[in-house]
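Below, each chain spelled out in residue letters.
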Amino acid sequence: MAITVYIAPNPGKSSAGEVALRAAQILLTHGAGVLMQETLRSSCNIAGVQYLPLEKCLEQTDVILTIGGDGTILHEANLSLKYRKPILGINLGRCGFLATCEIGEMETKLSAVARGDFDLDSRMLLYARVLGDDGWEGHALNDVVVTKGRLQQAIDFSIYCDDILVEHFRGDGVIVATPTGSTAYSLAAGGPILDSQTKGIVVTPICPHSLATPAMVFAQERRLGVCVGQVADDEVFISCDGAAGYPLRAGATAQIRLSDQIVQLITFSQADQFQAIDKKLRSRR
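About the criteria used
Residues numbered from 1 in each chain as written. Predicted model: local features only at pLDDT ≥ 70, side-chain atom pairs only at ≥ 80, totals over all residues. Heavy atoms only, no water. Helix = DSSP H or I, 4+ residues; strand = E, 2+ residues; numbered from the N terminus. Rg over C-alpha atoms; globule rule 2.2 N^0.38 Å. Buried < 20%, exposed > 50% of the residue type's maximum accessible area, 1.4 Å probe, protein only. Contact = heavy atoms within 4.5 Å. Areas by Shrake-Rupley, 256 points an atom, 1.4 Å probe, with all protein chains shown as cover. Lys, Arg positive; Asp, Glu negative; His and termini not counted. Charge placed at Lys NZ, Arg CZ, Asp CG, Glu CD. UniProt positions renumbered as here; feature names shortened; annotations may be inferred. Phe/Tyr/Trp six-rings, centres within 6.5 Å; stacked < 30°, edge-to-face > 60°. Pairing = 2+ DSSP bridges. 1 Å grid on protein atoms, 1.4 Å probe; cavity = no way out; pocket = protein on both sides within 12 Å on 5 of 7 lines; lining within 4 Å. Points joined across faces, edges and corners; volume = space filled by probe spheres on them. Nonpolar A, V, L, I, M, F, W, Y, C, P; charged D, E, K, R; others polar. Salt bridge = Lys/Arg side-chain N within 4 Å of Asp/Glu carboxyl O.

K.L.:
Can you help me understand the overall build of the chain in this one?
P.N.:
Counting its regular elements, the chain contains six helices and 17 strands. The globule rule puts the C-alpha radius of gyration for 285 residues at 19 Å, and the 20 Å found for the chain is close to it. C-alpha atoms of the chain, sized along the principal axes, occupy 60 × 35 × 35 Å. Burial analysis of the chain (285 residues in total) assigns 53% to the buried set. Counting contacts in the chain only where the partners sit at least 6 residues apart, residues at least 24 apart contribute 65% of the total. When the accessible area of the chain is evaluated, it comes to approximately 13,400 Å², of which 49% is carbon and sulfur surface. Across the chain, 25 positive and 31 negative side-chain charges occur, with their mean positions spaced 3 Å apart.

Given below as structure tokens:
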């Protein structure tokens, strides 16, 4: 049975259309069906591709192929949660820990996808909601971030684990990251790198005004709380995977726990994460 692939290029990347054309040609040549959103028909018209509304693409596809960077994968992962379709990213970004297919690997990896010759790597998600507020909730493959806006001074944050206070500090914010997100913002803020298969949650303070406020790793079964101190309205925000922030009031608590959903990434080697770290992080030295 032929594999069907939905191609989702990032419209903000100038070369995404050209790469989408090449990807579609490879997949079609190897017998795969190819879907794209109907809104892209005029700008990315490719012979042999079926153009459908987004919901139909997600319903009918077997695989989602993103073209961009890790942000493109995070965006598509959030859109496709209820469909549980595995994702492979072609990397056009600067780093791309999640987008593990480089331009030079397209022929090899996309032909393997067309044959169904790949493995699935299940990644945990975080679920976040603001207590006492029914208007906001979110899922995160990388991280949930609580951070200040334009406010100059540091803010008080309290971290709770299963309703027990475990840390209080002044700083610019808090990152609550999955193992997948441990190589993203959390790493830049001084957090540890976790094996993507580790069952844990990293809590990393952002610019803490203390020499004794380390990052902490909690078991994935824990229920975490981030409480904001006294701040002016619209000066502290919570966001999932870099999406638009939701404002938090003074004293508000964001509860963060393991989601009951997962995201599956397509992989061709169990060492993909560490190969990405070796090639893309070490090269920055």
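K.L.:
I keep staring at the UniProt feature "active site" (unreviewed entry) in the chain and nothing clicks. Help me out?
P.N.:
Feature annotation in UniProt assigns "active site" (unreviewed entry) to the following positions: D70. Here D70 is in contact with G96, F97, L98 and A99, once residues within four sequence places are set aside.

K.L.:
Just checking my understanding: could you explain the packing of aromatic side chains for this structure?
P.N.:
The geometry of an aromatic ring pair is captured by two quantities: the separation of the ring centres and the angle between the planes. In this structure the tally under the stated criterion is two aromatic pairs. Centre to centre, the rings of W136 and Y246 are 5.9 Å apart; their planes meet at 25 degrees, and the pair counts as stacked. Of this pair, W136 sits in the loop between β6 (119–130) and β7 (137–140) while Y246 is found in strand β16 (residues 246–247), placing the two residues 110 residues apart along the sequence. Residue classification places W136 among the buried positions, given a relative accessible area of 14%. Overall, the relative accessible area of 21% leaves Y246 in the partly exposed class.

K.L.:
Explain the sheet that holds strand β12 (residues 200–206) to me, please; I cannot follow it from the model alone.
P.N.:
The strands making up a sheet are joined through hydrogen bonds of the backbone, oriented either antiparallel or parallel. Judged by pairing direction, the sheet is antiparallel, and its six strands sit side by side in the order β13-β12-β11-β8-β15-β16 without closing on themselves. Edge positions in the open sheet fall to β13 (216–219) and β16, since each of these has one partner strand only.

K.L.:
What is the right way to look at the side chain of T61 in this model?
P.N.:
Within the secondary structure, T61 is located in the loop between α2 (54–60) and β4 (63–68). Contact partners of T61, with chain neighbours within four places excluded, come to T4, V5, Y6, L35 and K85.

K.L.:
Would you mind showing me how to read the UniProt feature "binding site: NAD(+)" (unreviewed entry) in the chain here?
P.N.:
Sites flagged by UniProt as "binding site: NAD(+)" (unreviewed entry) map to D70, G71, H75, N142, D143, R170 and D172. For the residues just named, distributed over 103 residues, the greatest C-alpha separation reaches 31.1 Å, placing them at more than one site. Residues from the named set that contribute to the lining of the largest pocket are D70, G71, N142 and D143. Mapped onto the elements, G71 comes out in helix α3 (residues 70–79). Inspection of the secondary structure puts D143 in strand β8 (residues 143–148). Not counting chain neighbours up to four residues away, the residues in contact with D143 comprise I175, V176, A177, A184, Y185, S239, C240 and D241.

K.L.:
Would you mind going over the environment of T267 with me for this structure?
P.N.:
Tracing the sequence through the fold places T267 in strand β17 (residues 253–267). Along the sequence, T267 and Q153 sit 114 residues apart, while their C-alpha atoms lie 44 Å from each other.

K.L.:
So what exactly am I meant to see when it comes to unusual backbone geometry here?
P.N.:
Residues apart from glycine generally show negative phi values, whereas peptide bonds are mostly found in trans. The residue D162 is not glycine, and still its phi comes out positive at about 50 degrees. With respect to the helices and strands, the residue D162 is situated in the loop between β9 (155–161) and β10 (164–171). Of note, the phi angle at C207 is positive, near 50 degrees, even though the residue is not glycine. Examined against the element boundaries, C207 turns out to sit in the loop between β12 and β13. According to the relative accessible area criterion, C207 is partly exposed, its value standing at 48%.

K.L.:
How should the layout of surface pockets be read in this particular structure?
P.N.:
To find leftover empty space, a probe the size of one water molecule is rolled over the atoms. In this structure, the largest pocket encloses a volume near 410 Å³. The wall of the largest pocket is formed by 20 residues, among which N142, D143, T183, A184 and Y185 lie closest to the centre. Only α3, β8 and α5 (185–188) provide two or more residues apiece to the lining of the largest pocket. Classifying every residue of the lining of the largest pocket gives 10 nonpolar, six polar and four charged.

K.L.:
Just to check I follow, could you spell out the pattern of salt bridges for this structure?
P.N.:
Any two side chains of opposite charge can pair, so long as their charged atoms come close to each other. Here the structure, examined in full by the defined rule, presents seven salt bridges. As a salt-bridge pair, D172 and K148 come within 3.1 Å of each other at their nearest N and O atoms. In this pair, D172 sits in the loop between β10 and β11 (173–177) while K148 sits in strand β8, placing the two residues 24 residues apart along the sequence. Each member of the pair, D172 as well as K148, is classed as buried. Residue D156 is joined to R170 by a salt bridge in which the shortest nitrogen-to-oxygen separation is 3.1 Å. Note that D156 is positioned in strand β9 and R170 in strand β10, a separation of 14 residues in sequence.

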